[in-house]
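Here is how the chains run, residue by residue.
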Amino acid sequence: MSSYDDPRWYEQQPAQNESNEPSSQQPAYSGFGPLPQYQMPDNGMITRQGMPYSPPSSPEPKRRPWRRFGRSVLLAALLLIAFVGGWFANQTYSNSFSLSNQSQSYSNLIQQAWTTIDQHYVDRKAVNYKEMSYQAIQAMLNVLHDKGHTRFLTPQDVQNENQQLSGTFTGIGIYIHQDQKTKQIIITDPIPGSPAEKAGFKHGDIIVAVNGVSTAGKDVAGVSALIQGKVGTDVSITIQRPSTQQTLTIKVVRAEITVPSVLMHYIAQDHIADIQMVQFSSGAADQLKSEINQAKKLGATRIILDLRENPGGYLSEAIDTASEFMKSGNVLLEQDSTGKRTPYAVTGNTVDTTDPMVVLVNADTASAAEIVSGALQDNHRAVIIGEKTFGTGTVLEEYPLSDGSAILLGTQEWLTPDGHFIRDLGISPNISVKLSPNVSPLTPTDENSDHMSEQQILASGDVQLGTAIQYLEKH
């Protein structure tokens, strides 16, 4: 079986061989998701849920909600039966899985229920085996309460997840997440240079319809399905823009998009390199090293590492990133179900271990981004400024299913070097600064495109970035 990782952008372990022993040749993956989940689907939507990840041979879509669950007790039974029936069949097939008596008893119960419905339910048109199985699987995973990480992926979701971390995909190019309270689908940012950015989509835009079809009641996966399409075709997206109280319909043409993982703006007045890591996709650490070296040529002596809205990505990229700033020490601890902890040390491939440094985080900083934040904080290499992070800290392994779908299952946990759990708790900043809901985080893309001076940055309303600049002015 192979393994998978904000992360979204995620957390995962290396693929496993048939004897169920971990392979040491593939990196783990870590990624969000409230991922936004920044999971690249083929529709160009990057979800904000994260997890460390090792691809099977390949942020993080959101969980798929149960459909029509409340219609009848019978359907609820169908869902549960389908879920456990499919799961039991898969586990029975695996020689490496040893069932406990309790597990055996309940899996038999589910198989009996599935068989009963399959053979005797009167309305044969209502028996949808695929839907029963998918929703039942998701139902069982929901019981595990591993928010934003452990989840079920349809075959399309698997393809989208693989695209997300490759850094290249087909779509319109927007980062999105679903507000947990309002359930609105919100654009976090358009990808620099993407069709979405050129068409005029902005941070905070709320997607209300796609090609005239309302997004009410849909999750990220549902909206993603509406937007997906082939290169060269267009899609009309209706958004509400809170900043102007406008409702706009924007037509945009889908294209193949390469997503940069690292962006940099040099603040000359204080010799600060403002570096944003969008996600920990393949090659992100090397991109970061290149940007730091470029900043140093310009005269940078201080660093802001902006991990706000970063959903995660590959664990190996997180380790390499933290290692660029630390001479020694651990990047994280890995804990298994027995409580055994294994440290992951720095690689020794440093870039800058002495210049004053600030890391910016917020509630959408997840998974691999939390690992980096926690490592730099515990090793006293950087000051963390912003808001408490999302709190995704499980190692995900991808277990492929027979129809191309898969289960991402949390099999281990990530802890900071000092032993602090990340899951559900997140990383607490050294200096807490809350950004106004009406203000968007300023990015190097904004700063570069508008040729912003330090004074303009400080006056932008991004008090988190402003606090980071002011802190570095004094250190």
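None of these values were measured; they are calculated from a predicted model. (Residues numbered from 1 in each chain as written. Predicted model: local features only at pLDDT ≥ 70, side-chain atom pairs only at ≥ 80, totals over all residues. Heavy atoms only, no water.)

(A) Expanded view of the sheet that holds strand 22 (residues 431-432). Read across the open sheet, the six strands follow the order 12-13-14-18-19-22; overall the sheet is mixed. Sheet topology places strand 12 (262-267) and strand 22 at the edges, where each strand pairs with a single neighbour. With four bridges joining them, strand 18 (residues 357-361) and strand 19 (residues 383-386) adopt parallel strand pairing. By the bridge assignment, valine 358 is partnered in strand 19 with valine 383. Helix 9 (residues 368-378) contacts strand 14 (302-306), strand 18 and strand 19 of the sheet and is inclined by roughly 145 degrees relative to strand 18. (Pairing = 2+ DSSP bridges. Helix = DSSP H or I, 4+ residues; strand = E, 2+ residues; numbered from the N terminus. Contact = heavy atoms within 4.5 Å. Axes fitted to C-alpha atoms, helices over the stretch in contact; angles between N-to-C directions.)

(B) The arrangement of helix 9 in detail. Counting buried residues along helix 9, 11 of its 11 residues qualify, which places the element largely inside the surrounding structure. At the C-terminal side of helix 9, histidine 380 shows a positive phi close to 55 degrees. (Buried < 20%, exposed > 50% of the residue type's maximum accessible area, 1.4 Å probe, protein only.)

(C) Broad picture of the pairing of strand 14. When you tally the buried positions in strand 14, you get five out of five residues, the bulk of the element. The alternating pattern of strand 14 places Arg302, Ile304 and Asp306 on one face and Ile303 and Leu305 on the opposite face, and all of these are buried. Note that strand 13 (residues 272-277) and strand 14 share five bridges and pair parallel. Bridging from a neighbouring strand, isoleucine 275 pairs with leucine 305 of strand 14. The handedness of the strand 13 to strand 14 crossover, carried by helix 7 (residues 284-298), is right-handed. Here four bridges tie strand 14 to strand 18, and the two strands are oriented parallel to one another. (Right-handed = clockwise from strand over helix to strand, strands pointing away.)

(D) Representation of the confidence of the model for the protein chain. For the protein chain, the average pLDDT comes to 80, and 77% of its residues sit at 70 or higher. For residues 1-97, every residue scores under 50 in pLDDT, and the model assigns this stretch 548 contacts once sequence neighbours within four places are set aside. (pLDDT = per-residue confidence, 0-100.)

(E) Up close: the environment of valine 252. Mapped onto the secondary structure, valine 252 falls in strand 10 (residues 246-253). The class of valine 252 is buried, set by a relative accessible area of 3%. Sequence-distant contacts of valine 252, defined by excluding residues within four places in its chain, comprise Ile172, Pro195, Ala196, Ala199, Phe201, Thr233, Asp234, Val235 and Ile237.

(F) Layout of the environment of valine 433. Assignment of secondary structure puts valine 433 in the loop between strand 22 and helix 10 (444-449). Note on valine 433: relative accessible area 13%, which makes it buried. Sequence spacing of valine 433 and isoleucine 385 is 48 residues, and the spatial spacing of their C-alpha atoms is 6.6 Å. Residue contacts for valine 433: discarding those within four places in its chain leaves Ile385, Gly386, Glu387, Val463, Gln464 and Thr467.

(G) Structural detail: the packing of helix 8 (residues 315-323) against helix 9. Interaxial distance between helix 8 and helix 9 falls to 9 Å at its minimum, and their mutual angle equals 25 degrees. Here helix 8 lies roughly parallel to helix 9, going by the angle between them. As helix 8 packs across helix 9, the resulting crossing turns out to be right-handed. Counted together, Leu315, Ala318, Thr321 and Ala322 of helix 8 and Ala368, Ile371, Val372, Ala375 and Leu376 of helix 9 form the full contact between these two elements. Looking at the contact of helix 8 with helix 9, its residues break down into eight nonpolar, one polar and no charged. (Parallel < 35°, antiparallel > 145°, perpendicular 65-115°, else oblique. Left-handed = near helix turned anticlockwise from the far one by under 90°. Nonpolar A, V, L, I, M, F, W, Y, C, P; charged D, E, K, R; others polar.)

(H) Geometry of the environment of valine 158. Here valine 158 is to be found in helix 4 (residues 155-166). Taking relative accessible area as the criterion, valine 158 reaches 11% and is therefore assigned buried. Sequence-wise, valine 158 and glutamate 398 are 240 residues apart; in three dimensions their C-alpha atoms are separated by 9.7 Å. Setting aside its immediate chain neighbours within four residues, valine 158 contacts Leu153, Glu398, Gly404, Ser405 and Ala406.

(I) Broad picture of the packing of aromatic side chains. Counted according to the given criterion, the structure contains three aromatic pairs. With centroids separated by 5.9 Å and ring planes inclined at 40 degrees, the aromatic side chains of tryptophan 114 and tyrosine 129 adopt a geometry described as tilted. With a gap of 15 residues between them, tryptophan 114 in helix 2 (residues 101-120) and tyrosine 129 in helix 3 (residues 129-142) connect regions that are remote in the sequence. Under the relative-accessibility criterion, tryptophan 114 is labelled buried at 18%. The exposure class of tyrosine 129 is partly exposed, given its relative accessible area of 37%. Pairing tyrosine 344 with tryptophan 414 gives two aromatic rings, centres 5.7 Å apart and planes at 85 degrees, and the pair type is edge-to-face. On the criterion of sequence distance, the pair formed by tyrosine 344 in strand 17 (residues 341-345) and tryptophan 414 in strand 21 (residues 406-415) is long-range, its members being 70 residues apart. What makes tyrosine 344 partly exposed here is its relative accessible area of 23%. (Phe/Tyr/Trp six-rings, centres within 6.5 Å; stacked < 30°, edge-to-face > 60°.)

(J) Up close: the side chain of threonine 321. Considering the arrangement of structural elements, one finds threonine 321 in helix 8. Contact partners of threonine 321, with chain neighbours within four places excluded, come to Met277, Phe280, Ala285, Leu288 and Val372.

(K) Representation of the pairing of strand 12. Counting buried positions over the six residues of strand 12 gives six, a clear majority of the element. Two elements, strand 12 and strand 13, share six bridges in a ladder whose sense is antiparallel. Opposite histidine 265, over in strand 13, you have aspartate 274 as the bridge partner. In sequence, strand 12 turns back onto strand 13 through a hairpin of four residues, with histidine 271 there showing a positive phi of about 55 degrees.

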